Amino acid sequence: MIKKYVILASTLILSACAATQPPPPPLTLTPTAVFTSKPWANHKALNLTSVDKAPNRYIAAIDSGTENVQVIQPQQPVSTTLRQALTQQLSGQGFRITDNATSTMVITVEKALVTVKQKLVKYNMHSELQLTLTVNTPDGQFIKRYSGRSSREDALKASPKDIATSMNKLMDSVLNEIASDSELNKYLKENI
């Protein structure tokens, strides 16, 4: 009798271990910096930093309808990824990014999340990115919020590549909005 309980307990433990999936690998996000055809900043110095104030440290949450929600981490913080892309973008505009500048630009990531509702034969994906850009100069301050949202429904199962592509497109859209923001560019030209 005891032997049967030991076998039953062992079977349950082994089946529970087999059902546990390893966590997915971290997602690599690769937004594309927007380059202008003519640099205009004349090597003016600018200190660029980033802050991540998003309520979550993961980049995606996949809900398959069971009580188990799978989260996916980014390879590096989203704020770091955006800072790297914006460094390239601002350098392309002619700025010299340095820690010793009197003018600073701070990227504050407020939300960066892809939520996936996985169903049996399809999925719904909603992506959202919100950030605030703050420029502090000796002559004043400029603050502006940038955001992007997207939704997608497709057949089968959402892959990590689908999730990364969705967030990369949002980041590209926000970087493009920053590059073409006439109000921001005017402030930078007049105050740095």
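Residues numbered from 1 in each chain as written. Predicted model: local features only at pLDDT ≥ 70, side-chain atom pairs only at ≥ 80, totals over all residues. Heavy atoms only, no water.

K.L.:
I'd like a rundown of the side chain of S127, residues and numbers included.
P.N.:
If you trace the backbone, S127 turns up in strand β6 (residues 122-137). Given the relative accessible area of 3%, S127 is considered buried. Side chain to side chain, S127 and S166 meet in a polar contact 2.3 Å long. Excluding residues that lie within four positions of it along the chain, S127 makes contacts with L113, V114, G148, R149, S150, S166 and L170. (Helix = DSSP H or I, 4+ residues; strand = E, 2+ residues; numbered from the N terminus. Buried < 20%, exposed > 50% of the residue type's maximum accessible area, 1.4 Å probe, protein only. Polar contact = N/O pair within 3.5 Å; in protein donor to acceptor, adjacent residues only side chain to side chain. Contact = heavy atoms within 4.5 Å.)

K.L.:
Please set out the packing of aromatic side chains residue by residue, giving values where relevant.
P.N.:
Counted under the stated rule, the structure contains 2 aromatic pairs. When the centroid spacing of 5.4 Å and the interplanar angle of 85° are considered together, the rings of W40 and F95 count as edge-to-face. A residue pair is termed long-range when its members are at least 10 positions apart, and W40 in the loop between α1 (2-19) and β1 (45-52) and F95 in the loop between α2 (78-92) and β4 (96-97) qualify at 55 residues. Look at F95 and you get buried, because its relative accessible area is 4%. Just above the ring of W40 sits the side chain of K189; from NZ or CZ to the centre is 5.0 Å. (Phe/Tyr/Trp six-rings, centres within 6.5 Å; stacked < 30°, edge-to-face > 60°. Lys NZ or Arg CZ within 6 Å of the ring centre and 35° of its normal.)

K.L.:
So what about the pattern of salt bridges? Which residues, and what values?
P.N.:
Between side chains of opposite charge, a pair can form as their charged atoms come close. Scanning the model with the defined rule gives 9 salt bridges in all. For K117, the salt bridge is made with D63, and the minimal N-O distance between the two is 3.5 Å. Remark: D63 occurs in strand β2 (residues 60-63) and K117 occurs in strand β5 (residues 104-118); sequence separation between them is 54 residues. In this structure, the salt-bridge partner of R149 is E128, at a minimum N-O distance of 3.1 Å. (Salt bridge = Lys/Arg side-chain N within 4 Å of Asp/Glu carboxyl O.)

K.L.:
I'd like a rundown of the nonpolar core, residues and numbers included.
P.N.:
Membership of the largest hydrophobic core comes to 43 residues, with the highest contact counts inside it found for I59, L86, M105, I163 and M167. Among the elements of the structure, β1, β2, α2, β5, β6, β7 (140-155), α3 (160-179) and α4 (182-191) are those that each provide at least two residues to this core. Here this core gets 8 residues from one element, more than from any other, and that element is α3. Aside from chain neighbours lying at most four places away, what touches M105 is L46, N47, L48, T49, L86, L90, L133, T134, V135 and L188. (Core = buried A, V, L, I, M, F, W, Y, C linked by side-chain atoms within 4.5 Å.)

K.L.:
I'd like to hear about the pairing of β1, residue by residue, with values.
P.N.:
Sheet analysis places β1 next to β4, joined by 2 bridges and oriented parallel. When the bridges of β4 are listed, L46 appears paired with I97. The pairing of β1 with β5 spans 6 bridges and is classified as parallel. In the strand pairing of β5, N47 is matched with T104. (Pairing = 2+ DSSP bridges.)

K.L.:
Mind laying out α2, listing which residues take part and the relevant values?
P.N.:
Here α2 spans 21 Å end to end across 15 residues, near enough to the 21 Å set by a 1.5 Å rise per residue. For α2, the set of buried residues is V78, S79, T80, T81, L82, A85, L86, Q89, L90 and G92. Structurally, α2 contributes buried residues whose contacts are with β1, β4, β5, β6 and α3. The first or second residue beyond α2 is G94, which carries a positive phi of 105°. (Expected span 1.5 Å × (residues − 1).)

The values reported here are purely geometric and, on their own, carry no functional implication.
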